[in-house]
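Next come the chains, spelled out residue by residue.
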Amino acid sequence: VLPERLQRREAERQQGVERQRQKKEAQVVKEEQSEFFLATFAREREAVEALLAAGTLEEAAARLQALQKLLTGSVRFLAPYEVRQGQETVARLQGDLAARRQQLQPKKKFAFRALKKEAAPGSAPRPAEPAPPAPAAPDLGLAEGESGGPPLCGFSGAQDEELELGPAELLQQDVLLSELRGCRVRLRGNPNTLRVRDCRGCTVLCGPVSTSVLVDGCSDCLLALACQQLRTHRTHDCRVYVQVTSRAVVEACSGVSFAPYSWSYPGMERDFESSGLDRNSNNWNLVDDFDWLATDKPSPNWSLIPEQERITCWD
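What you see is a predicted model; the values in this text were computed from it and never measured.

The rules we used
Residues numbered from 1 in each chain as written. Predicted model: local features only at pLDDT ≥ 70, side-chain atom pairs only at ≥ 80, totals over all residues. Heavy atoms only, no water. pLDDT = per-residue confidence, 0-100. Contact = heavy atoms within 4.5 Å. Salt bridge = Lys/Arg side-chain N within 4 Å of Asp/Glu carboxyl O. Helix = DSSP H or I, 4+ residues; strand = E, 2+ residues; numbered from the N terminus. Buried < 20%, exposed > 50% of the residue type's maximum accessible area, 1.4 Å probe, protein only. Expected span 1.5 Å × (residues − 1). Core = buried A, V, L, I, M, F, W, Y, C linked by side-chain atoms within 4.5 Å. Pairing = 2+ DSSP bridges. Axes fitted to C-alpha atoms, helices over the stretch in contact; angles between N-to-C directions. Parallel < 35°, antiparallel > 145°, perpendicular 65-115°, else oblique. Left-handed = near helix turned anticlockwise from the far one by under 90°. Arc of directions from axis to C-beta.

Caption draft 1: A look at the confidence of the model for the chain. The pLDDT averaged across the chain works out to 80; a share of 82% of its residues lies at or above 70. Under a pLDDT of 50 for its full length, residues 106–151 has, in the predicted model, 25 contacts with residues more than four places off or in other chains.

Given below as structure tokens:
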């Protein structure tokens, strides 16, 4: 009996040693991968910044997309704070790219409007003058962007309406949906960014977004989204069907649940091609909660929608 016990203990000891060796090797590989990523990411970030400064926007956009793919492909071995820093860097560069595009391209549109406004006052009597701008003011529900900024594509302030935009209107546009109540929104196309802000009881179905989606201050909404980055902030009791190539982020949220993206429409494959998103990469169930630091317990602020409860028909 004694030799058998000794043999068993020796076998268990050797197995423990082997597990420790494998764990140490895996940690070394992980650290080497992380160091390589950080060096490559820093080099590519500097290249994008230099291209933006030089005004070479198309090349900057391509390098930025490659930077996002590098980050997405490295998520599995990076520490959460490294992922967060990478996401914040990419988001900042995307904002810089959008600002440079606005700075270098859209001046014709603004000059044309200013020309019209000045031409009208000089022609007819003053009372008749405010009449022409009146039809343009409502702008068919298009939402305004940040204060002082250029107008964005989207809808604002509608209630209990069916709202829709198509591929020609959405292509690489920055889209804003704000202060909607009980609306159903279909965005069939490929926007550059999407912001859903202060909406209640709405359904938002959106085609592939080239860069980031921000859901802020929303409640009781159903969203179908495909994007590189998803961030939900101050959002409660919402269901999100998502395809995301990085890890989704929740912050100051509760009752947010996730399922894989399943909405479809004619022409979606073409929009995915123009967006640059990888259809085979979907981290829909990988979520970082900035308000929940415990690693041994799941966050109570978000959950996964059980498979039998997921929507399969969107019509």
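Caption draft 2: Region of interest: the pattern of salt bridges. Per the stated rule, a full pass over the model turns up 13 salt bridges. Linking Arg 92 and Asp 96 is a salt bridge whose minimum nitrogen-to-oxygen distance equals 3.4 Å. Placement of the pair is Arg 92 and Asp 96 together in helix α3 (residues 80–104), with a separation of four residues, close to one helical turn. The partner of Arg 188 in a salt bridge is Glu 164, with the nearest N and O atoms 2.3 Å apart. Linking Arg 188 in the loop between β4 (184–187) and β5 (193–197) with Glu 164 in strand β2 (residues 162–165), this pair joins segments that are 24 residues apart in sequence. For Glu 164, a relative accessible area of 44% translates into the label partly exposed.

Caption draft 3: Up close: helix α2 (residues 57–74). The terminal C-alpha atoms of α2, which comprises 18 residues, lie 26 Å apart, in line with the 26 Å expected from a rise of 1.5 Å per residue. Inspection of α2 places Leu 57, Ala 60, Ala 61, Leu 64, Leu 67, Gln 68, Leu 71, Thr 72 and Ser 74 among the buried residues, and these make up the whole buried set.

Caption draft 4: Representation of the nonpolar core in the model. In terms of nonpolar packing, the biggest core is built from 39 residues, with Leu 177, Leu 180, Leu 194, Leu 230 and Phe 258 touching the most fellow members. Ignoring any residue separated from it by four or fewer positions in sequence, one finds Leu 230 in contact with Val 213, Val 215, Leu 225, Val 240, Val 242, Val 244, Arg 247, Ala 248, Val 249 and Phe 258. Counting 18 residues, the second largest nonpolar core, distinct from the first, contains Phe 37, Val 48, Ala 60 and Leu 78.

Caption draft 5: How the structure looks around the sheet that holds strand β6 (residues 203–208). In space, the seven strands of this open sheet follow the order β2-β4-β6-β8-β10-β12-β14, with parallel pairing throughout. With one partner strand each, in any of the chains shown, β2 and β14 (302–304) form the two edges of the open sheet. With strand direction ignored, the average angle separating the axes of adjacent strands in the sheet is 20°. Sheet analysis places strand β8 (residues 222–227) next to strand β10 (residues 239–244), joined by six bridges and oriented parallel. Counterpart to Cys 227 in the pairing with β10 is Val 244.

Caption draft 6: Layout of the packing of α2 against α3. Packing of α2 against α3 leaves a shortest axis separation of 11 Å and a crossing angle of 165°. Considering the angle they form, α2 stands roughly antiparallel to α3. Considering only the axes of α2 and α3, their crossing is left-handed. The segment α2 lies against α3, with Leu 57, Glu 58, Ala 61, Leu 64, Leu 67, Gln 68 and Leu 71 engaging Val 83, Gly 86, Gln 87, Val 90, Leu 93, Gln 94, Leu 97, Arg 100, Arg 101 and Leu 104.

Caption draft 7: Inspection of the pairing of strand β9 (residues 229–233) at higher detail. One ladder, built from five bridges, connects strand β7 (residues 212–216) with β9; its direction is parallel. Counted as the bridge partner of Ser 212 is Gln 229 from β9. Pairing of β9 with strand β11 (residues 248–251), which is carried by three bridges, proceeds in the parallel orientation. Looking at the pairing, Thr 232 lines up with Val 250 of β11.

Caption draft 8: Up close: helix α7 (residues 268–275). Within the span of α7, buried status applies to Met 268, Asp 271, Phe 272 and Ser 275. Seen end-on, α7 carries its buried residues on one side only, within an arc spanning 100°. For α7, the exposed residues set more than 90 degrees away from the buried face come down to Arg 270 and Glu 273. Where the residues of α7 are buried, they touch α2, β6, β8 and β10. Following α7 by one or two positions, Gly 276 has its phi on the positive side, about 80°.

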